[in-house]
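Each chain is listed here by its residues.
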Amino acid sequence: MPWMTFYFSDTVVLLFDFWSVHTPTGMVLSVVVVLLLSMLYEAIKMGKAVLLRRALLALPHSLSREELVEPEEGDTSPTQGRWFRYHVGQTLFHVVQVVLGYMVMLAVMSYNAWIFLGAIAGSTLGYFVVYPLLGRG
């Protein structure tokens, strides 16, 4: 029967059947992987913020409807193309962020306290390391 409360153990199955942990060494490696996934999640959030800032700077100063619609054939606006590329980049970052977020959430839902602490530590370290870089991006 699956656990419905947090427990400390070196035995757990995470995300997939092949990620089955049965030793203390395996648990340490699994905690490190979840920690790194949490840090990557925070880095992706920062990357999205940087792309949003660049996309907003790429928008034309005049937000008239004519400036924002697709350019007609033969009429290429460098501002329009740049904004669209940033938007595609933000969308890709968002997809990766959602996938990572759900993976970390499902790992935490194993109710293993070591995995939970790894996710919290990774999120904390990721925020601490990555967000000071936001002002430089």
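Residues numbered from 1 in each chain as written. Predicted model: local features only at pLDDT ≥ 70, side-chain atom pairs only at ≥ 80, totals over all residues. Heavy atoms only, no water.

**Considering the packing of aromatic side chains**
Okay, so step 1: Under the defined criterion, the tally for this structure stands at five aromatic pairs.
Okay, so step 2: Ring centres 5.2 Å apart and planes at 5 degrees place the aromatic pair phenylalanine 16 and phenylalanine 18 in the stacked group.
Okay, so step 3: Seen from their ring centres, tyrosine 127 and tyrosine 131 are 4.5 Å apart, and the 25 degrees between their planes marks the pair as stacked.
Okay, so step 4: One aromatic cluster in this structure is built from Phe6, Tyr111 and Phe116. (Phe/Tyr/Trp six-rings, centres within 6.5 Å; stacked < 30°, edge-to-face > 60°.)

**Here's the deal with the environment of valine 31**
Okay, so step 1: Structurally, valine 31 can be placed in helix 1 (residues 24–58).
Okay, so step 2: Note: C-alpha distance between valine 31 and alanine 107 (76 residues apart in sequence) is 9.8 Å.
Okay, so step 3: Valine 31 has contacts with Trp114, Ile115 and Gly118, leaving out every residue within four places of it along the chain. (Helix = DSSP H or I, 4+ residues; strand = E, 2+ residues; numbered from the N terminus. Contact = heavy atoms within 4.5 Å.)

**Things to note about the side chain of glutamate 42**
Okay, so step 1: Considering the arrangement of structural elements, one finds glutamate 42 in helix 1.
Okay, so step 2: For glutamate 42, a relative accessible area of 5% corresponds to the buried category.
Okay, so step 3: If we ignore the near neighbours within four places in the chain, the residues touching glutamate 42 are Ser123, Gly126, Tyr127, Val130 and Tyr131. (Buried < 20%, exposed > 50% of the residue type's maximum accessible area, 1.4 Å probe, protein only.)

**Digging into a nonpolar patch on the surface**
Okay, so step 1: The grouping of Phe6, Phe8, Trp114, Phe116, Leu117 and Ile120 at the surface amounts to a nonpolar patch, some 590 Å² of accessible area in total.
Okay, so step 2: Along the chain, phenylalanine 8 turns up in the segment before strand 1 (12–13). (Patch = residues over 30% accessible without salt bridge, like charges linked within 9 Å, V, L, I, M, F, W, Y side chains within 5 Å. Areas by Shrake-Rupley, 256 points an atom, 1.4 Å probe, with all protein chains shown as cover. Salt bridge = Lys/Arg side-chain N within 4 Å of Asp/Glu carboxyl O.)

**Considering the UniProt feature "transmembrane region" (unreviewed entry) in the chain**
Okay, so step 1: Here, the residues flagged by UniProt with the feature "transmembrane region" (unreviewed entry) are residues 25–44, 91–108 and 114–134.
Okay, so step 2: Between the C-alpha atoms that bound residues 91–108 there is a distance of 26 Å. The span itself is 100% helix and 0% strand.
Okay, so step 3: Secondary structure over residues 114–134 splits into 81% helix and 0% strand, and the C-alpha atoms at its two ends are 30 Å apart. (UniProt positions renumbered as here; feature names shortened; annotations may be inferred.)

**Some remarks on the confidence of the model for the chain**
Okay, so step 1: Across the chain, pLDDT averages 84, with 81% of residues at or above 70.
Okay, so step 2: Of all helices and strands in the chain, the one with the weakest mean pLDDT is helix 2 (residues 65–68) (56), whereas helix 4 (residues 113–130) scores best (96). (pLDDT = per-residue confidence, 0-100.)

**Comments concerning the pattern of salt bridges**
Okay, so step 1: For the coordinates displayed, the defined rule picks out one salt bridge.
Okay, so step 2: Residue glutamate 42 pairs with lysine 45 through a salt bridge whose shortest N-O separation is 3.4 Å. Taken together, the positions of glutamate 42 and lysine 45, both in helix 1 and three residues apart, correspond to about one turn of that helix.
Okay, so step 3: A residue is classified by how much of its surface remains accessible, and lysine 45, at 28% relative accessible area, is partly exposed.

**Observations concerning helix 4**
Counting along an α-helix, one turn takes 3.6 residues, and residues three or four places apart therefore face a common direction.
Okay, so step 1: Taking 1.5 Å of rise per residue, 18 residues should cover 26 Å, and helix 4 covers 25 Å from first to last C-alpha, within 8% of that figure.
Okay, so step 2: Of the residues making up helix 4, those classed as buried are Ala113, Ile115, Gly118, Ala119, Gly122, Gly126 and Val130.
Okay, so step 3: Two or three places before tryptophan 114, at the start of helix 4, stands the capping residue asparagine 112, its side-chain oxygen 2.9 Å from that residue's backbone nitrogen. (Expected span 1.5 Å × (residues − 1). Polar contact = N/O pair within 3.5 Å; in protein donor to acceptor, adjacent residues only side chain to side chain.)

**Some details on the packing of helix 1 against helix 4**
Okay, so step 1: The interhelical angle for the contact between helix 1 and helix 4, taken along N-to-C directions, is 35 degrees, at an axis separation of 7 Å. Here helix 1 and helix 4 pass one another in a crossing that is right-handed. Judged by residue contacts, Met27, Ser30, Val31, Val34, Leu35, Ser38, Met39, Glu42, Ala43 and Met46 of helix 1 engage Trp114, Ile115, Gly118, Ala119, Ala121, Gly122, Ser123, Leu125, Gly126, Tyr127 and Val130 from helix 4.
Okay, so step 2: When its residues are assigned to classes, the contact of helix 1 with helix 4 shows 14 nonpolar, six polar and one charged. (Axes fitted to C-alpha atoms, helices over the stretch in contact; angles between N-to-C directions. Left-handed = near helix turned anticlockwise from the far one by under 90°. Nonpolar A, V, L, I, M, F, W, Y, C, P; charged D, E, K, R; others polar.)

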